[in-house]
Each structure stands twice: as structure tokens, then as C-alpha cells.
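# Chain and residue survey
Each chain, written out:
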Amino acid sequence: MQKQIWKAGNMVYPLPAVMVSTADTLGNDNILTVAWTGTICTNPAMVYISVRPERYSYHMLKESGEFVINLTTEKLARATDFCGVRSGRDIDKWKEMCLTRGKAQSLVYAPVIAESPVNIECKVTKVEELGSHHMFLAKVQAVQVSEEHMNPNGKFELNKTGLLAYSHGEYLRLGASIGTFGYSVRKKQVKKKRK
Ligand SMILES: Cc1cc2nc3c(=O)[nH]c(=O)nc-3n(C[C@H](O)[C@H](O)[C@H](O)COP(=O)(O)O)c2cc1C
């Protein structure tokens with residue numbers, strides 16, 4: 001495969017574009033969209049978000065040391081984009097996007113976004129000042145998942161919630177499943193021949 005060589009840059013895609021809700025110590029809260037996010041440890045469950053210090057939300061994250069990662073869906077695509085291009089300095093994004101505050105189930109004060117199918121409540125353990133972005137490493141305190149997406153066997157059907165992916169400047173819906181974890185080495189079931 002012939003390649004072009006580009007200068008160093010960010011090309012790890014696709015990513016989730018999540019809506020992060022946070023609050024300051026005076027009780028003001030806000031939502032910002034974050035694509036620089038991910039899981040960094042299984043046990044303890046840990047995640048990160050990287051945020052530019054000039055964002056209005058930054059002081060809330062720094063002061064409170066907490067935030068909620070709200071997963072986004074096709075239905076929430078417009079709100080996801082909006083919360084990433086407008087600042088809480090100027091407008092109330094909850095009101096503009098008709099998003100509802102829900103209560104966190106752990107000791108996190110920041111509200112969860114009720115319309116999101118998964119809310120990940122986090123407490124910051126470390127801030128790494130990397131450069132343009134400061135990375136907030138955080139321990140997951142609790143996870144809320146929507147009952148609406150539970151199947152009759154009690155399994156959470158995350159991949160039926162319409163999750164949104166962000167890749168190279170575009171929001172995309174996920175496609176059909178092409179395998180499950182470990183499928184490449186799993187023995188194929190031999191169909192019994194009818195006699
Ligand atoms: C898809 C998308 C992803 C974004 N990812 C990040 C990110 O990872 N970190 C960041 O600091 N800003 C990111 N932004 C920009 C902020 O969300 C944006 O500047 C927002 O208006 C900040 O809101 P605030 O000023 O109310 O805090 C992203 C924006 C979009 C649309």
C-alpha cells in the first residue's frame with residue numbers, strides 16, 4: 001500500500017464524541033463535547049478527558065474534581081455538536097438543547113444528562129498538563145444505564161442505543177456487527193447433517 005507522509009498530528013479515529021457535564025462549587029453547571037476521551041484502566045475503572053484550559057468548563061473540572069461522561073447517540077448528534085461549538089459562558093446549553101439534568105448516583109455533584117443512555121460518574125485523581133490540553137485522569141464512581149435498553153434477559157443492549165462515532169471531523173452511526181470479542185479464534189460450530 002503506497003503511503004503519503006504527514007507531519008505529526010492526531011489521527012486515532014474513530015472516537016466517541018461524548019458530552020461531559022460538570023459543575024462548579026457555586027452550583028453552576030455546564031456541558032461540553034469531548035472527543036479526546038477514553039478508558040485507561042479496568043481495575044480500578046479509570047477514564048480520561050483532555051480539555052483546553054480556555055474552555056469555560058475547565059474551571060469547573062479543576063475546582064470540583066468531578067465530571068460525568070454522557071455517551072451520545074444519533075438522536076443526540078445535534079446536541080453533541082452544539083455543546084462543542086457554543087460556550088456555557090454565553091448560553092445555557094441544557095435549555096437550548098432541551099437536555100434534562102438527572103441526579104448522579106454516587107457522591108458526584110455534577111448532573112448527568114438524562115437523555116443519554118449511559119452516564120459515567122467520575123472523580124478526578126490527577127491532572128496532567130500536557131500542552132494544548134490538560135488531561136483529567138479519573139476514577140469511575142458509578143455508571144447509570146437506561147432501563148429502556150435492557151432486553152428481557154436483563155442484558156443491556158448498548159449497541160442498540162444508536163451510539164455515535166466521531167471520525168476525522170464527521171459524526172457517523174455505527175454499522176452492523178461483524179463479530180464478537182474473540183470470534184477470530186473461536187471454533188466454528190459444525191452443523192449436524194440430517195440423515
Ligand atoms: C466533536 C467535538 C469534539 C471536541 N473535543 C474536545 C476535546 O476533546 N477537548 C476540548 O477541550 N474541547 C473539545 N471540543 C471543543 C469544546 O467542546 C468547545 O470548545 C465547547 O464550546 C467548550 O464549551 P465551554 O466553553 O462551555 O466549556 C470538541 C468539540 C467538538 C464539536
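Scroll up for the structure.
Right, let's walk through the structure included here. None of these values were measured; they are calculated from a predicted model.

## Observations concerning the packing of aromatic side chains
What describes a pair of aromatic rings is the distance from one ring centre to the other and the angle between the planes of the rings. Evaluated as defined, the whole model comprises three aromatic pairs. Ring centres of tyrosine 13 and tyrosine 166 lie 6.2 Å apart, and the angle between their planes is 80°; on these two criteria the pair is classed as edge-to-face. With a gap of 153 residues between them, tyrosine 13 in the segment before β1 (18-23) and tyrosine 166 in strand β10 (residues 164-167) connect regions that are remote in the sequence. Where tyrosine 58 meets phenylalanine 136, the ring centres are 5.6 Å apart and the plane angle is 65°; that geometry is what we call edge-to-face.

## Points about the sheet that holds strand β2 (residues 29-34)
The sheet built from seven strands is open, its strands ordered β2-β1-β5-β8-β9-β4-β3 with antiparallel pairing. With one partner strand each, in any of the chains shown, β2 and β3 (37-41) form the two edges of the open sheet. Going across the sheet, the axis of each strand differs from the next one's by a mean of 35°, ignoring polarity. Those strands touched by helix α1 (residues 56-64) are β1, β2, β4 (46-51), β5 (66-70), β8 (118-129) and β9 (134-145), and its axis lies near 60° from that of β1.

## A few points about the pattern of salt bridges
Enumeration over the complete set of coordinates arrives at seven salt bridges. Ionic pairing is found between glutamate 66 and lysine 123, a salt bridge with its closest N-O pair at 3.0 Å. Of the two residues, glutamate 66 is situated in strand β5 and lysine 123 in strand β8; the sequence distance between them amounts to 57 residues. Residue lysine 123 is classed as partly exposed on the basis of its relative accessible area of 27%.

## A closer look at the nonpolar core
Val20, Ile49, Val51, Phe67 and Ile69 are the most contacted members of the largest nonpolar core, which has 19 residues in total. Every element with two or more residues in this core is listed here: β1, β2, β4, α1, β5, β8 and β9. Discounting residues that sit within four places of it in the chain, isoleucine 69 has contacts with Val18, Met19, Val20, Thr37, Val47, Ile49, Val118, Asn119 and Ile120. Counting ten residues, the second-largest nonpolar core is a separate cluster that includes Ala79, Phe82, Met97 and Ile113.

## Looking at the site of the ligand
As a structural note, the neighbourhood of the ligand is formed by 22 residues, with Asn30, Thr33, Ser57, Ser87 and Gly88 the closest of them. With respect to the ligand, the side chain of serine 87 contributes an N or O atom lying 2.7 Å from an oxygen atom. The separation between an oxygen atom of the ligand and a polar side-chain atom of lysine 93 is 2.9 Å. In isolation the ligand has 650 Å² of accessible area, and contact with the protein removes 89% of it. Of all the secondary structure elements, the ones that give two or more residues to the shell around the ligand are β2, β4 and α1.

What counts, and at which threshold
What you see as residue numbers is a count from 1 along each chain, following the sequence as written. Thresholds applied to this predicted model are a pLDDT of at least 70 for local features of residues and 80 or more for the giving and counting of side-chain atom pairs; totals over whole chains, interfaces and linings are not thresholded and use all residues. Calculation of side-chain values draws on the structure's entire complement of heavy atoms; hydrogens and water are dropped beforehand. Paired rings are identified among Phe, Tyr and Trp, the last through its six-membered ring, by centres lying within 6.5 Å, and are further divided according to the angle between planes into stacked (under 30 degrees), edge-to-face (over 60) and tilted (the rest). Each helix is a run of DSSP H or I of at least 4 residues and each strand a run of E of at least 2, with the numbering of both proceeding from the N terminus. Pairing between two strands requires that DSSP report at least two bridges joining them. Convention adopted: a line fitted to C-alpha atoms gives each axis, helices being fitted over their contacting stretch, and angles between N-to-C directions are expressed from 0 to 180 degrees. Whether two residues touch is decided by their heavy atoms; if any such pair falls within 4.5 Å, the residues are in contact. Counted as salt bridges are all cases of a side-chain nitrogen of Lys or Arg within 4 Å of a carboxyl oxygen of Asp or Glu. Only protein chains enter the accessibility calculation, which uses a 1.4 Å probe; a residue whose area is less than 20% of its type maximum is buried, one above 50% is exposed, and one in between is partly exposed. To define a nonpolar core, start from buried Ala, Val, Leu, Ile, Met, Phe, Trp, Tyr and Cys residues and group those joined through side-chain atoms within 4.5 Å. Being near a molecule or strand, for a residue, comes down to having at least one heavy atom within 4 Å of it. Pairing of N or O atoms within 3.5 Å defines a polar contact, subject to two protein rules: one partner must be a possible hydrogen donor and the other a possible acceptor, and residues neighboring in sequence count only if both atoms are side-chain atoms. The protein chains shown are the only cover counted for residues, whose accessible areas, like all others here, come from Shrake-Rupley with a 1.4 Å probe.

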